[in-house]
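Chain residues, written in single-letter form:
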Amino acid sequence: MPYTIKNICCLGAGYVGGPTMAMIAAKCPHIQVTVCDFNQARIDAWNSDDLPVYEPGLQEVVESARGKNLHFSTNIKPAIAAADLIFVCVGTPTKSYGIGAGRAADLRYIESAARLIAEVSTGNKIIVEKSTIPVKTANAIQSILTANSPADATFQVLSNPEFLAEGTAVADMENPDRILIGGEQNPEGQAALEALVSVYANWIPREKIITTNLWSSELSKLVANAFLAQRISSINSISALCEATGADVDEVALAIGSDSRIGSKFLKASVGFGGSCFQKDILNLVYLCESFKLPEAAAYWRSVVTMNDWQKSRFVEKIVRTLYNTVNGKRIAILGFAFKKDTNDTRESAAINIVRDLVAENAHVVIYDPRVDEESIHRDLLEVGVPQDIINFNIEIAPDPYTAATGAHALATLTEWDEFRTLDLPRIYDLMLKPAFIFDGRAVLPAGALKAQGFEAFVIGKGD
Ligand code: NAD
Ligand code: UDX
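No experiment lies behind these values; they were computed from the predicted model shown.

Asker: Tell me about the side chain of Ser276, and please be specific about residues and values.
Answerer: With respect to the helices and strands, the residue Ser276 is situated in the loop between helix H10 (249–257) and helix H11 (278–291). Taking the relative accessible area as the measure of exposure, Ser276 reaches 16% and is therefore buried. Setting aside chain neighbours within four positions, we find Ser276 in contact with Glu166 and Arg347.

Here you go:
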């Protein structure tokens, strides 16, 4: 049966739901789009000038459609009832309890979304999994929907994973490498799939829209993230070897990345990858491999996370050893707390573990980040076990890099914000205690200028 999409509802107004729906609304003025969430503060923020997600260019996209065909609401049930197509963009964090704790995806928000949809739906609806989920989740959704909905309701479940990266979400959605849609291999499934294709076809060339079966689509999302993260862990493992041998990891990355079979992207050595997706999705893949009795495949992918953990801990060790084996009572300036530049997101940021480990050594840590607020930093540190009194006494938030550097024994860059590339290094040098130690975990500072200025500089992946 052919579908006509005039009304879209999205469950989940987070980093994915908000931006992707804003883009669909902006590109499809003939479709009404309502983004729903239980979180009133989040919805209020989407309806304000101070959006809950910082992304370059996002404000403009939201403002172009908000109040016309883009709406943000906590009034979820009527929005579901009115929709022809419902995107599920709720969180799928790593499970922290019970079976599969620390590896499996926690699917409780997916299940609650499916139950809510079933409760208020009539007629034919297309349900689209945009959240990242384990393979076969579409089966679970279909079974909850069928068991809990009235007899006149029918559902087609599609998989349409999201590949946007934070910080570049607007550009990624405007011009994606591909759109992936998986559907059931029967006429009803294919009709639903074509309906979703027709939404994207409003701005994306048809040849960029890949259609597959449901399970290939669900699995491809986990695999894409695992491959990307694997490249970072690979180059980070080599960064340690470069430091030991005098090679330069950026030169090695350039040399190997010039081979078109390898390619140049995702070869930037760092203090460790962060973000809400990579670790969670690899652990999810590991759990899937274990569940299907593939322990060797599970161990292979687990090592990507192990390498990332090691990269973070060896950075802290480098700081402590270099500062004469003690940071007790020393002021350490941290530049950057977000997991990457151009976002206010700190989920799984390498900075969280690094600051936690520095205060465990009794350091006094002063943090500057242009987009992350004090409340988020305190919340993140509490979550990884830093006691409130330590946060009160040993964590300081600075309004700019120069305040952070004042009186510091050492300064470490943990996020590659562009503004760090043009820091006034002579001024920083004058403000710091001597020797003035710099630990550049992102290789963002001009290495030659650091040495010339008199800093004792360690740059990730660069031998002495
Ligand atoms: P998020 O935590 O920012 O947002 C999820 C939102 O869903 C929350 O605001 C929550 O209140 C809401 N929610 C939960 N249950 C709900 C329900 N039943 N009805 C309505 N709202 C509900 O998460 P996110 O970063 O947007 O990620 C969402 C999904 O997309 C995850 O599966 C994630 O793995 C995936 N993903 C994320 C990114 C990214 O860059 N953040 C990229 C690609 C895919
Ligand atoms: C990632 C995927 O890129 C995206 O396709 C998916 O939809 C969600 O997960 P995101 O986590 O937002 O996106 O950012 P990404 O640019 O992939 O960076 C992840 C982490 O890896 C960051 O901490 C970043 O600093 C780090 N990174 C990235 C490196 O350390 N080196 C690199 O070369 C690239």
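Asker: Which residues make up the site of ligand 1, and what are the values?
Answerer: Asp37, Arg42, Thr92, Glu166 and Lys280 are the nearest of the 27 residues found near ligand 1. Here an oxygen atom of ligand 1 and a backbone polar atom of Val16 are 2.9 Å apart. In this structure, Lys280 approaches ligand 1 through a side-chain N or O atom, which is 2.6 Å from an oxygen atom. Starting from 830 Å² of accessible surface for ligand 1 in isolation, the protein chains cover 91%. Top element by residues in the shell around ligand 1 is helix H5 (residues 108–120). It accounts for three residues. Residues of the shell around ligand 1, tallied by class, amount to twelve nonpolar, eight polar and seven charged.

Asker: Give a description of the nonpolar core that names residues and reports values.
Answerer: Counting residues in hydrophobic clusters, the biggest one holds 60 residues, and the most contacted among them are Phe315, Ile334, Phe337, Leu358, Val365, Leu381 and Phe455. Here the element with the most residues in this core is helix H13 (residues 350–360); it accounts for seven residues. For Val365, the residues in contact, after removing those within four places along its chain, are Ile332, Ile334, Val355, Leu358, Val359, Asn394, Ile395 and Glu396. Membership of the second largest hydrophobic core comes to 48 residues, among which are Tyr3, Ala13, Ala25 and Trp203.

Asker: I'd like a description of the site of ligand 2, backed by residues and values.
Answerer: Taken together, the neighbourhood of ligand 2 is formed by 20 residues, with Leu164, Glu166, Ser270, Phe339 and Arg442 sitting nearest. Leu164 places a main-chain nitrogen or oxygen 2.7 Å from an oxygen atom of ligand 2. Within the side chain of Lys340, an N or O atom sits 2.8 Å from an oxygen atom of ligand 2. In the complex, the protein chains occlude 90% of the 650 Å² of accessible area that ligand 2 would expose alone. In terms of residue count, the dominant contributor to the shell around ligand 2 is helix H9 (residues 214–245) (four residues). Here the shell around ligand 2 is built from residues that sort into eleven nonpolar, three polar and six charged.

Asker: If you had to explain the packing of H11 against helix H12 (residues 295–322) to someone new, which residues and values would you point to?
Answerer: The axes of two packed helices give the description: the angle between them and the distance between them. Two elements in contact, H11 and H12, have axes whose closest approach is 8 Å; the angle formed by their N-to-C orientations is 155°. As judged from the angle between their axes, H11 and H12 are roughly antiparallel. Regarding H11 and H12, the two cross each other, and that crossing is left-handed. Touching Gln279, Ile282, Leu283, Leu285, Val286, Cys289 and Glu290 of H11 are Ala297, Ala298, Trp301, Arg302, Val304, Val305 and Asp309, all from H12.

Asker: Give a description of the packing of aromatic side chains that names residues and reports values.
Answerer: Following the criterion strictly, the structure yields twelve aromatic pairs and no others. Judged by centre distance (5.2 Å) and plane angle (5°), the rings of Trp46 and Phe72 are stacked. With Trp46 in helix H2 (residues 40–46) and Phe72 in strand S3 (residues 70–73), the pair connects residues that are 26 residues apart, well separated along the chain. Residue classification places Phe72 among the buried positions, given a relative accessible area of 6%. Aromatic pair Phe227 and Trp301: ring centres 5.6 Å apart, planes at 35°, arrangement tilted.

Thresholds, definitions, all that
Position numbers for residues count from 1 along each chain, tracking the sequence in the order it is written. Written order determines the labels here, with chains lettered from A and ligands numbered from 1. Only residues with pLDDT of 70 or above have their local features reported here, since the model is predicted, and side-chain atom pairs are shown and tallied only from 80 upward, although totals for entire chains, interfaces and linings are computed over all residues. By convention in this description, side-chain values take in all heavy atoms of the structure and omit both hydrogens and water. Runs of H or I in DSSP of at least four residues are treated as helices and runs of E of at least two as strands, each being numbered from the N terminus. For each residue, the accessible area found with a 1.4 Å probe, counting protein chains only, is set against the maximum for its type, and the residue is called buried under 20%, exposed over 50%, and partly exposed in between. What makes two residues a contact is simply this: any of their non-hydrogen atoms within 4.5 Å. Summary of the distance rule: residues count as near a molecule or strand when at least one heavy atom falls within 4 Å of that molecule or strand. We call two N or O atoms a polar contact when they sit within 3.5 Å, provided that within protein one can donate a hydrogen and the other can accept it, with sequence-adjacent residues counted only if both atoms are side-chain atoms. Throughout, the Shrake-Rupley method with a 1.4 Å probe supplies accessible areas, and for residues the shown protein chains are the sole cover considered. Just so you know the grouping, Ala, Val, Leu, Ile, Met, Phe, Trp, Tyr, Cys and Pro go in nonpolar, Asp, Glu, Lys and Arg go in charged, and all remaining residues, Gly too, go in polar. Among the buried residues, those of types Ala, Val, Leu, Ile, Met, Phe, Trp, Tyr and Cys that are joined through side-chain atoms within 4.5 Å form a nonpolar core. Helix axes are fitted only over the stretch in contact, all axes being lines through C-alpha atoms; the angle between N-to-C directions runs from 0 to 180 degrees. When an angle is under 35 degrees it counts as roughly parallel; over 145 it counts as roughly antiparallel; between 65 and 115 it counts as roughly perpendicular; any other value is oblique. Take the far helix as the reference: if the near one is turned anticlockwise from it by less than a right angle, the crossing is left-handed, and if turned clockwise, right-handed. Classification of ring pairs uses Phe, Tyr and Trp, with its six-membered ring standing for Trp, and accepts pairs whose centres are within 6.5 Å; under 30 degrees between planes counts as stacked, over 60 as edge-to-face, and the remaining range as tilted.

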